[in-house]
Each structure stands twice: as C-alpha cells, then as structure tokens.
Amino acid sequence: MRAQVFHRWIGAALCLSLGWWMWRGLIVSADPSLFGPAAYYVANTASDTGASNIVAAILFDYRGFDTFGEATVIYTTVCGVAMLFAKRRLRRSSWGLSPIVKRGMGMMVPFILVYASSIVIMGHITPGGGFQGGAVFATVTVLFCVIYGSKFEASRISPKVKEVIESSGALLFAAVGLWGLAEGAGFLANLDAGFSSGPIGSLFSGGAIPLLNIAVGMKVGAGLSTLFYSMIKILEDPAEGPPPEV
Amino acid sequence: MIHVSYGCAIAIFCIGLYTLITKRNLFKTVIGLSIMEGGVLLFMVASGFIPEAGPPLLPMVGGSVNPLPHTFPLTAIVIGASDVALALAYIIKIHRHYGTVDVDKIRGLRG
C-alpha cells in the first residue's frame, strides 16, 4: 500500500514537471501568418484541384498518398480485431431497449443516413469528408447494436456485406490512384490525370476528390462498424436470462 | 488567449500520461493513451490558429487559418480509434486467458 502511494506521487511529480517543462518551452508567435506549404495550398487550391474545401484538397490531392496509407491502417486493424474474435459465433444477442426507444430510433435512422451521406458527398465543398461521414455511418450501426441488439444488426446488415463495402472502398481508392498512373501523371494525380472539374463550389467539382471521399467513407463506415460488431458479439453473454417484461 | 488552448492541451496530455504510468488496470491504461492522444490533437489544431482569419473554405473572406494542422488530426482521429480498438481486443483476450486485467498479476505463460 505504501509503495503504491509512493508510486502515485512519483508519477504525479513526473507529470507535473513534464507539463511545466513543456509550458516553459512553448514559443508562441506574436503575429502568426501562413508560411511554407500551407501558404501555397491556400493560394493555389482553386486552380490546382477545383475543390472549395482546402482541407479536403490537401487530404485527397496534395497528400493523397498519405491518406491511402492511413486508410490501410484501418483495414489492418479491422483484419486484426476480426481475426482475434473469429471463432466465437453469436448465439443470442441482448434483447435491446424498450419499444419506445426502438420506435424513436426507427424514425431517426433515415435522417442520420441523409446527414452522413451529405457529409460524404459534399466533402469537397463544405467542411466534412469521408472520414467524418463514415464515422456517422458507423454510428447508425452502433445504435442498431445498442437499441435492437447485435443479432438484429447482423441480420439486417450482414458482416459479409460490410466486408464487401470496405474492400470495394479500398479498391476504388486504389483504382483512382492507378488511373493517374495509367494516364502518365503519377499515382493519385487529380486534374492532371484527366479528371474534369466543374465550376468551383458546385457539386461536380474537384476532379477525383468526391470519388476518393466516397471511397474513404465506405472504408471508414464499414470498418468502424465491423470493429464494434466484432467486439460486442463476444461481450454479450449468451447465457443471459429471458427477455425482461416490458 | 491562444495560451489557454496550449495550456489545456498540455494539461490533458499530462493527465493522460499520469493515468498511463500509475494505473495497473489495462483498461485504464488504454483510456490514458486515448486522453494523451486528445491532448496532442488539440495542440495540433490550436497551432494553426491565426487571429481574425476565417475557416479554410474557398469563397474566402479575409484570409484563412492554417489548413495543414487541420488535416493531420482528421486522419489521426481515425487511426487513434483503430489502435484503441486493437488494444482493447488484446485486453479482452488477456482477460479471457488470465482472468485478470491487472498488469501485476499477469505473470508467466499459461495454456
């Protein structure tokens, strides 16, 4: 017990001194301004990519290869978690919440889906994009798991379908990249590779950026929901009692 | 005022680090890791701030904040979620195997 308290005090002292050290080392520019690559991106996004959202342009055009790598990390994680919990089959899931909650959820689902798709599809003209929209898509399946029980969720959106969606997202991303290579403009090239851009601010602008947004949205949505499902299916006890009287 | 954001980020990072090094429960360790990640992301987003500048969207009114530090957290959040998920998966496996999530009690090879 004494040793544990001692350990805690040492930890607290270490963290406090580290925090003080970082605070002292902080250099805040008195008059911050754009410099380096950021200034170039802000000045040239319109002519280089045709997208209005500069963050999306950096993510899917200037640094598209980086994003491709990040998307691979999600894929690897999903493979790892699904592999760790592969053997257990879900015999019976939880019984879900009360009918009032189920009805309310049923009314909300279409709106959440519309919201998520608008975030993904308009990712190049408004703040948003594939990562955020995919996370909202995954929220729908997580809510299904919590409110209706994970067996219902698995019967409506089977894990196989999610797998296909995720893989096709990755393939779409790679195909857009390889198209640039085939056109002789380099991997994940955008306007140089012949993707046309409409007027800035319209839905069909930004060349390949909307396509890549959709690909990442499919990957993230399906990936996060697979992660949640793989983990919840082993946490729910099959030997649980009968459904509660509602 | 930007000092408040930086101070918050450093405080959150240190709280996460304290959780990471003093707790024996593996679940709490992972929570500490995720708190530390939140501090780092907050620091990155705050570092792009420019006073009296708008968001980096194209009909731009009076300059924009630095878009580059907004890009990295976007992917880092998803990466953080995935590595927390993988860590939790391993902890669940460890709990099934050893019957405990206390790092001090997980000893030796079993099974």
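Structure shown above.
The shown structure was predicted, so the numbers you read here are calculated from the model rather than taken from an experiment.

Trainee: What am I meant to see in the environment of Gly207(A) here?
Mentor: Residue and element names in this part refer to chain A. Position of glycine 207 among the secondary structure elements: in the loop between α8 (159-182) and α9 (209-235). What makes glycine 207 buried here is its relative accessible area of 17%. The spacing of glycine 207 and alanine 51 is 156 residues in sequence and 7.9 Å in space, taken between C-alpha atoms.

Trainee: Honestly, the interface of chain A and chain B in this entry has me stumped. Any pointers?
Mentor: It is common to give the size of an interface as the accessible area that goes away when the parts come together. At the interface, 50 residues of chain A touch 41 residues of chain B. Carbon and sulfur atoms make up 81% of the area that chain A and chain B hide from each other, which totals about 4000 Å². The largest contributions to the chain A side of the interface with chain B come from Cys15(A), Val55(A) and Leu84(A), which together make up 13% of the buried area. Inspection of the region where chain A meets chain B yields 0 salt bridges. The tally of links between chain A and chain B comes to 6 residue pairs in polar contact (both at pLDDT 80 or more). Of all the secondary structure elements, the ones that give two or more residues to the side of chain A that touches chain B are α1 (2-24), α2 (36-48), α3 (54-62), α4 (64-84), α6 (130-148) and α9 of chain A. Ranked by residue count, the leading element in the side of chain A that touches chain B is α1(A), at 11 residues.

Trainee: It is not clear to me how the packing of α4(A) against α8(A) should be interpreted in this structure. Could you clarify?
Mentor: In a pair of packed helices, the angle between the axes and the distance between the axes together describe the arrangement. Residues and elements named next belong to chain A. Where α4 meets α8, the axes come as close as 11 Å, and the angle between the chain directions of the two elements is 160°. When the interaxial angle is binned, α4 and α8 end up roughly antiparallel. In the packing of α4 onto α8, the handedness of the crossing is left-handed. Between α4 and α8, the contacting residues are Gly64, Thr67, Phe68, Ile74, Tyr75 and Val78 on the first element and Glu166, Ser167, Ala170, Phe173 and Ala174 on the second.

Trainee: In this structure, what is going on with α6(A)? I would like to understand it.
Mentor: Every α-helical turn comprises 3.6 residues, leaving residues that sit three or four positions apart pointing alike. Residue and element names in this part refer to chain A. Its 19 residues place the ends of α6 27 Å apart at the C-alpha level, agreeing with the 27 Å of an ideal helix rising 1.5 Å per residue. When α6 is considered as a whole, its buried residues turn out to be Gly130, Phe131, Gly133, Gly134, Val136, Ala138, Val140, Thr141, Phe144, Cys145, Ile147 and Tyr148. Just downstream of α6 lies glycine 149, where phi reads positive at about 95°.

Trainee: What is the right way to look at the environment of Ser230(A) in this model?
Mentor: All names here are of chain A. By secondary structure assignment, the location of serine 230 is in helix α9. Given the relative accessible area of 5%, serine 230 is considered buried. Separated by 152 residues in sequence, serine 230 and valine 78 place their C-alpha atoms 9.0 Å apart. When sequence neighbours within four positions are dropped, the list of residues in contact with serine 230 reads Val81, Ala82 and Phe85. At 2.5 Å, the side chain of serine 230 forms a polar contact with the backbone oxygen of threonine 226.

Cut-offs applied
- Residues numbered from 1 in each chain as written.
- Chains lettered and ligands numbered in written order.
- Predicted model: local features only at pLDDT ≥ 70, side-chain atom pairs only at ≥ 80, totals over all residues.
- Heavy atoms only, no water.
- Helix = DSSP H or I, 4+ residues; strand = E, 2+ residues; numbered from the N terminus.
- Buried < 20%, exposed > 50% of the residue type's maximum accessible area, 1.4 Å probe, protein only.
- Contact = heavy atoms within 4.5 Å.
- Buried area = accessible area lost by both parts, 1.4 Å probe.
- Salt bridge = Lys/Arg side-chain N within 4 Å of Asp/Glu carboxyl O.
- Polar contact = N/O pair within 3.5 Å; in protein donor to acceptor, adjacent residues only side chain to side chain.
- Axes fitted to C-alpha atoms, helices over the stretch in contact; angles between N-to-C directions.
- Parallel < 35°, antiparallel > 145°, perpendicular 65-115°, else oblique.
- Left-handed = near helix turned anticlockwise from the far one by under 90°.
- Expected span 1.5 Å × (residues − 1).

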